[in-house]
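# Observations on the model geometry
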Amino acid sequence: DGTVTIDGFYDDVRKPTEKQLAFLRTVPFEEAKLKAIYGAKRFVGGRTGFDAQIAQLFNPTSNIAGIWSGWTGDDAKTITPAEAHVKIDMRLVPDQDPEKIERQLRAHLDTRGFDDVQIKNWGSEHPYWGPVDAPIVDAAARRVVGENALVDGLAHARFRLLGELHDDPEHHAI
C-alpha cells in the first residue's frame with residue numbers, strides 16, 4: 001500500500017496546512033497523463049484524484065532504486081554471491097530529520113537480524129516546503145515552464161538553504 005515500514009518513520013511528519021491544500025486544489029492534476037507517462041495502471045496504494053495529488057506532494061517516501069548481487073554480466077555463471085546491494089532513496093518532509101531517519105533505518109535492520117548490513121549515506125538534506133506565493137516560485141515557473149505556469153514542484157522545494165533565510169518558522173507556513 002506504499003506505507004514505509006521503518007519503525008518511527010512517520011513520527012515527525014508535518015501535515016500540509018489548509019492554505020497549502022487550498023492552493024493545491026488550484027493546480028491541475030492530470031492523472032491519466034501521469035499514468036501514461038510512467039506506464040502505470042494505478043498509483044501506489046490505489047490513490048486517485050486529490051488524494052493522489054496530496055500523496056505526490058506532501059507524503060514522505062522510501063524507494064528501492066536498485067538491487068544487485070552476484071554475476072550480472074551477459075553470459076551464464078553458476079555462483080553463490082558473497083554480497084548483495086540495494087540502493088534506497090527517501091523523500092522526507094519538513095520536521096523529519098535525515099540523521100534521525102538513518103538511525104531509525106539502522107535500528108529497523110538490526111532488530112530484524114540484519115546487523116551486518118552496511119549503510120552508506122550518499123547525501124541528505126533537511127526537507128523544506130517553500131511558500132507557494134513566494135516571488136521565486138512565480139519567477140522560476142515562468143522561466144522553466146512559461147508565463148502563467150503553475151508548478152507544484154517549485155512550491156515543494158526541499159532545500160534547507162532557502163529555509164534558513166528566515167528565523168521565523170511562521171514565515172514559511174503556507
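Residues numbered from 1 in each chain as written. Predicted model: local features only at pLDDT ≥ 70, side-chain atom pairs only at ≥ 80, totals over all residues. Heavy atoms only, no water.

### Things to note about the pattern of salt bridges
Here is the rule: The term salt bridge refers to a side-chain nitrogen of Lys or Arg lying within 4 Å of a carboxyl oxygen of Asp or Glu. Secondary structure elements are defined from DSSP: runs of H or I of at least 4 residues count as helices, runs of E of at least 2 residues count as strands, and each element is numbered from the N terminus. Burial classes follow relative accessibility: with a 1.4 Å probe on protein chains only, a residue under 20% of its type's maximum area counts as buried, one over 50% as exposed, and anything between as partly exposed.
As enumerated under the stated definition, the model contains five salt bridges in all. Arg14 is the salt-bridge partner of Asp95, the closest N and O atoms lying 3.1 Å from each other. Highlighted residues: Asp95 in the loop between strand E2 (84-91) and helix H4 (98-111) and Arg14 in the segment before helix H1 (18-24), separated in sequence by 81 residues. By relative accessible area, Arg14 is classed as partly exposed at 35%. The salt bridge partner of Lys35 is Glu31, with a shortest N-O separation of 3.1 Å. Of this pair, Lys35 and Glu31 both sit in helix H2 (residues 31-38), separated by four residues, roughly a single helical turn. Of the two residues, Lys35 and Glu31, neither departs from the other in class, the shared state being buried.

### A look at the layout of surface pockets
What counts is decided by this rule: Cavities and pockets were defined on a 1 Å grid built over protein atoms only: a cavity is a set of grid points that admits a 1.4 Å probe from which the probe cannot escape, a pocket is an open set flanked by protein on both sides within 12 Å along at least five of seven lines, and lining residues are those with an atom within 4 Å of any such point. Grid points are joined across faces, edges and corners, and a volume is the space filled by probe spheres set on the points. Residues are grouped as follows: nonpolar covers Ala, Val, Leu, Ile, Met, Phe, Trp, Tyr, Cys and Pro; charged covers Asp, Glu, Lys and Arg; every other residue, Gly included, is treated as polar.
Its volume calculated, the largest pocket comes out at about 1,400 Å³. Contributing to the lining of the largest pocket are 40 residues, with Val86, Lys87, Ile88, Leu105 and Ile119 lying nearest its centre. Put simply, the parts of the chain that give the lining of the largest pocket at least two residues each are strand E1 (61-69), E2 and H4. Top contributing element to the lining of the largest pocket by residue count: E2, with eight residues. Taken together, the residues that form the lining of the largest pocket break down as 21 nonpolar, ten polar and nine charged.

### Observations regarding H4
Definition in use: One less than the number of residues in a helix, times 1.5 Å, gives the span that helix is expected to have. Any two residues whose heavy atoms approach within 4.5 Å are treated as being in contact. Contacts described as polar in this section are N or O atom pairs within 3.5 Å, which, within protein, must combine one atom able to donate a hydrogen with one able to accept it, while residues neighboring in sequence count only if both atoms come from side chains.
Between the first and last C-alpha of H4 there are 20 Å, a value that for 14 residues agrees with the 20 Å anticipated at 1.5 Å per step. Looking at the buried side of H4, the elements it contacts are E2. Where H4 begins, one side-chain oxygen reaches toward the backbone nitrogen of Glu99, 3.0 Å away; that side chain belongs to Asp97.

From the geometry alone we can't say anything about function, so treat these as descriptive.
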